[in-house]
Amino acid sequence: GKAALERVAWLAGRGYGCDVTVWGKAAAHGNAALLAHLLLLRPGIGVGQDDLAYGMYLVARRGDVQALEALHAAGGRMGASTLVEGVAGRGSVAALEWARRTLPAAEWAAAVGIEDVARAVAGGGCVAAMEWLAAEGCPVLVRAGAVQVWEGVGPCMHACTGHCV
C-alpha cells in the first residue's frame, strides 16, 4: 500500500525510473494507491491500453474495488464476462456490485448468463457471492441451486465459509 508508494517516490527522487514492470506488480498486488500514482505517470512509463486491460484482469481476480475504479477511470476496459468471472471467483460481493453498476445492462446480463461465471463463483467458495449472483438471476445458479453447483465443484458447503472478500 502506502509503503510501496513511498519506496517508488524515494527511488524516483534519486533518479531511478519507473516502468511497466512496476505497473504490473502494483496491479498484481492490488495496490490502489500505487496504481493511482502510476496512472499519473502512465505515458512516461509505457503503460498502454493492453496494460490497462491486463491490470483490470489482475485486480478483478483480487476483487479489489478501489483498484478496479482507478483503472476503469483511467480507461481500462476488459470483456464483461472475463471481469465478472474474475470477481465472482474471488468471492467479492463488493466487486460484483461494482461490476453490476459499471457494466452496461446488456453486457452484465450476458456475462451473468455464462456457465463459467457460475463455476468461478462456486469454485471460489463464497456462499454470499453465490447467493448474490443467484439473486441477480445467474441462470445456472437459479436452475441448479447454489448448493448443487458447489457440490459439483468443491468438497462441501462447510468448506467455503470465510472465503469471501
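Everything quoted here is computed from the prediction, not taken from an experiment.

Criteria and thresholds
- Residues numbered from 1 in each chain as written.
- Predicted model: local features only at pLDDT ≥ 70, side-chain atom pairs only at ≥ 80, totals over all residues.
- Heavy atoms only, no water.
- Helix = DSSP H or I, 4+ residues; strand = E, 2+ residues; numbered from the N terminus.
- Buried < 20%, exposed > 50% of the residue type's maximum accessible area, 1.4 Å probe, protein only.
- Contact = heavy atoms within 4.5 Å.
- Areas by Shrake-Rupley, 256 points an atom, 1.4 Å probe, with all protein chains shown as cover.
- Patch = residues over 30% accessible without salt bridge, like charges linked within 9 Å, V, L, I, M, F, W, Y side chains within 5 Å.
- Salt bridge = Lys/Arg side-chain N within 4 Å of Asp/Glu carboxyl O.
- Core = buried A, V, L, I, M, F, W, Y, C linked by side-chain atoms within 4.5 Å.
- Axes fitted to C-alpha atoms, helices over the stretch in contact; angles between N-to-C directions.
- Parallel < 35°, antiparallel > 145°, perpendicular 65-115°, else oblique.
- Left-handed = near helix turned anticlockwise from the far one by under 90°.
- Expected span 1.5 Å × (residues − 1).
- Phe/Tyr/Trp six-rings, centres within 6.5 Å; stacked < 30°, edge-to-face > 60°.

Student: Looking at this structure, I do not really get the overall build of the chain. What am I missing?
Tutor: A tally of regular secondary structure across the chain gives 12 helices and 0 strands. Counting from the amino terminus, helix and strand elements in the chain follow one another as α-α-α-α-α-α-α-α-α-α-α-α. When burial is assessed residue by residue, the chain has 42% of its 165 residues classed as buried. By sequence separation, contacts in the chain at least 24 residues apart represent 64% of the contacts at least 6 residues apart. Within the structure as shown, the chain displays about 8,300 Å² of accessible surface, and the carbon and sulfur contribution to it stands at 55%.

Student: Would you mind going over a nonpolar patch on the surface with me for this structure?
Tutor: Together, W10, L11 and Y16 make up an exposed nonpolar region whose accessible area comes to about 340 Å². Here Y16 shows up in the loop between α1 (2–13) and α2 (20–28). Using a relative accessible area of 53% as the deciding quantity, one classes Y16 as exposed.

Student: I would appreciate a short explanation of helix α5 (residues 65–73) in the present structure.
Tutor: Because each turn of an α-helix spans 3.6 residues, side chains separated by three or four positions in sequence point in the same direction. Here α5 has its buried residues at V65, A67, L68, A70 and L71. Once α5 ends, the next one or two residues include G75, with phi positive near 100°.

Student: Looking at this structure, I do not really get the nonpolar core. What am I missing?
Tutor: The tendency in soluble globular proteins is for nonpolar side chains to be buried side by side. Grouped together as the largest cluster of nonpolar side chains are 46 residues, with contacts concentrated most on L68 and L133. Beyond its immediate stretch of four places on either side in the chain, L68 contacts M56, V59, A60, L83, V87, A95 and W98.

Student: Teacher, can you tell me more about the pattern of salt bridges here?
Tutor: Working definition: two side chains of opposite charge can pair if their charged atoms are close together. The tally for this structure, following the rule as stated, stands at 3 salt bridges. The salt bridge partner of R100 is E136, with a shortest N-O separation of 2.9 Å. Of this pair, R100 sits in helix α7 (residues 93–102) while E136 sits in the loop between α10 (127–135) and α11 (139–144), placing them 36 residues apart in sequence. R119 is the salt-bridge partner of D116, the closest N and O atoms lying 2.8 Å from each other.

Student: I tried to follow the packing of helix α6 (residues 80–90) against α7 on my own but got confused; where do I start?
Tutor: For any two helices packed against each other, the geometry is given by the interaxial angle and the distance between the axes. Between α6 and α7, the shortest axis-to-axis distance is 8 Å and the interhelical angle comes to 160°. On the basis of the axis angle, α6 is roughly antiparallel to α7. Handedness of the crossing formed by α6 with α7: left-handed. From α6, L83, V84, V87 and A88 reach across to α7, where they touch A95, L96, W98 and A99.

Student: Is there a simple way to think about α1 in this case?
Tutor: End to end, α1 covers 16 Å across 12 residues, agreeing with the expected 16 Å (1.5 Å per residue, within 8%). Downstream of α1 by a residue or two, G15 has a phi angle that is positive, lying close to 90°.

Student: I'm lost on the environment of A70 in this one. Help?
Tutor: If you trace the backbone, A70 turns up in helix α5. Sequence separation of A70 and M56 is 14 residues, and the distance between their C-alpha atoms is 9.5 Å.

Student: How should I be thinking about the packing of aromatic side chains in this particular structure?
Tutor: How two aromatic rings sit relative to each other is given by the distance of their centres and the angle of their planes. For the structure shown, the criterion picks out 2 aromatic pairs. Aromatic pair Y54 and Y57: ring centres 6.0 Å apart, planes at 25°, arrangement stacked. Taken together, the residues span about one helical turn, with Y54 and Y57 both in helix α4 (residues 49–62) at a distance of 3 residues. Residue classification places Y57 among the partly exposed residues on the basis of a relative accessible area of 32%.

Distances and angles like these do not, on their own, reveal function.
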